[in-house]
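Coordinates in review
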Amino acid sequence: MPPAPIIELPSKTKINKSGILLKQVFHDGVIPEGLLLEDLDEAWDTVNRFRAAHAYPMQKVRYGLRSMVRTQGASEVVSQRLKRVPRIVRKLHRMGNSNLARLEDIGGCRAVLKDGPELERVRRHVERQWRGQLAREPRDYIATPKDIGYRAVHLVVRRDERAIEVQLRTRGQQEWADAVEVADARLGLNLKDGVGPADMVEYFAVSGDVIYLREYGLPIDSTVLDRFEQARRAVIEAGYYTG
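Attention here is on the structure that accompanies the text. Here the structure is a predicted model, which is why all the values come from computation and not from measurement.

Reading guide: rules and limits
Residues numbered from 1 in each chain as written. Predicted model: local features only at pLDDT ≥ 70, side-chain atom pairs only at ≥ 80, totals over all residues. Heavy atoms only, no water. Helix = DSSP H or I, 4+ residues; strand = E, 2+ residues; numbered from the N terminus. Buried < 20%, exposed > 50% of the residue type's maximum accessible area, 1.4 Å probe, protein only. Expected span 1.5 Å × (residues − 1). Arc of directions from axis to C-beta. Contact = heavy atoms within 4.5 Å. Polar contact = N/O pair within 3.5 Å; in protein donor to acceptor, adjacent residues only side chain to side chain. Core = buried A, V, L, I, M, F, W, Y, C linked by side-chain atoms within 4.5 Å.

1. Comments concerning unusual backbone geometry
Look at Asp-160: it is not a glycine, yet its phi comes out positive at around 50°. With respect to the helices, strands and loops of the structure, Asp-160 is situated in the loop between strand S4 (153-159) and strand S5 (162-170). Asp-160 gets classed as partly exposed once you look at its relative accessible area, which sits at 42%. In this structure, Glu-161 takes a positive phi of about 70° despite not being glycine. Mapped onto the elements of the fold, Glu-161 is located in the loop between S4 and S5. When its relative accessible area of 71% is taken as the criterion, Glu-161 is described as exposed.

2. Side note on helix H8 (residues 222-237)
Counted at 1.5 Å a residue, the expected span for H8 with its 16 residues is 22 Å, and the 22 Å between its end C-alpha atoms agrees. By the burial criterion, the buried members of H8 are Val-224, Ala-231 and Val-235. The arc that holds every buried residue of H8, seen down its axis, measures 30°, which confines them to one face. Exposed residues pointing more than 90 degrees away from the buried face of H8 are listed as Ser-222, Gln-230 and Glu-237. Contact partners of the buried residues in H8: helix H7 (198-215). For H8, the capping residue at the N-terminal end is Asp-221, with a side-chain oxygen 3.1 Å from the backbone nitrogen of Thr-223. Two residues or fewer past H8, Gly-239 is found with a positive phi of approximately 90°.

3. As for the nonpolar core
Formed by 23 residues in total, the largest nonpolar core has its most connected members in Leu-65, Val-69, Leu-113, Trp-130, Val-166 and Leu-168. Counting residues per element, the ones that place at least two in this core are helix H3 (55-71), strand S1 (78-82), strand S2 (107-113), helix H5 (116-129), S4 and S5. Broken down by element, this core gets its largest block of residues, five residues, from H3. The residues touching Val-166, leaving out its near neighbours within four places in the chain, are Val-61, Leu-65, Cys-109, Trp-130, Val-153, His-154, Leu-155 and Val-157. Ile-148, Ala-177, Leu-191 and Val-206 belong to the second largest nonpolar core, which has 17 residues in total.

Below is the structure:
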């Protein structure tokens, strides 16, 4: 890898204050008294530089993750992304969090695995190899999915003093997440954050259940199938999808 670029950052206090200001102005619609355009420009630049400081550590994590996926003979679909500033601002608002400097998912890597058994095999290897570098215990949204039906395993790795989130998903879980993003964009919703019409939440929740059972080789009983069919009819009748 090429040498790391030098990105000079202000104090954590200034980083946090910049996040607060952007959240107030661009999400809450609050203009602090005496705010100058220069202040806003400086806050935006600070957040952008803090975001950019995650790029090189994120790349290093991606290389390591790709190597571990290959070692396990698993499907090599490994990607990376830097969270965009509007998403950062939205997350600060949603979490009620003014501590931008401590966000764990500004830089992220993702491995999409064939199915549940493959994901679990890669997960065990990753946790073993990075045991001393994990910032906290993994969050297992497969065993305990979010209400909307989101499933994945999230780990946070420390690289060069930056927190980089690693997501492990199956192909079905990735397709589910893509469908949520498409629905959000098409309908102007925010299902990705668990907010939306009850019919849509139920549809994606039960869809996530069906995908999980299928990919982990578990039986799908008639109760689940009936619930899925009811949810599917409900979103069609509500006009969210066509039959």
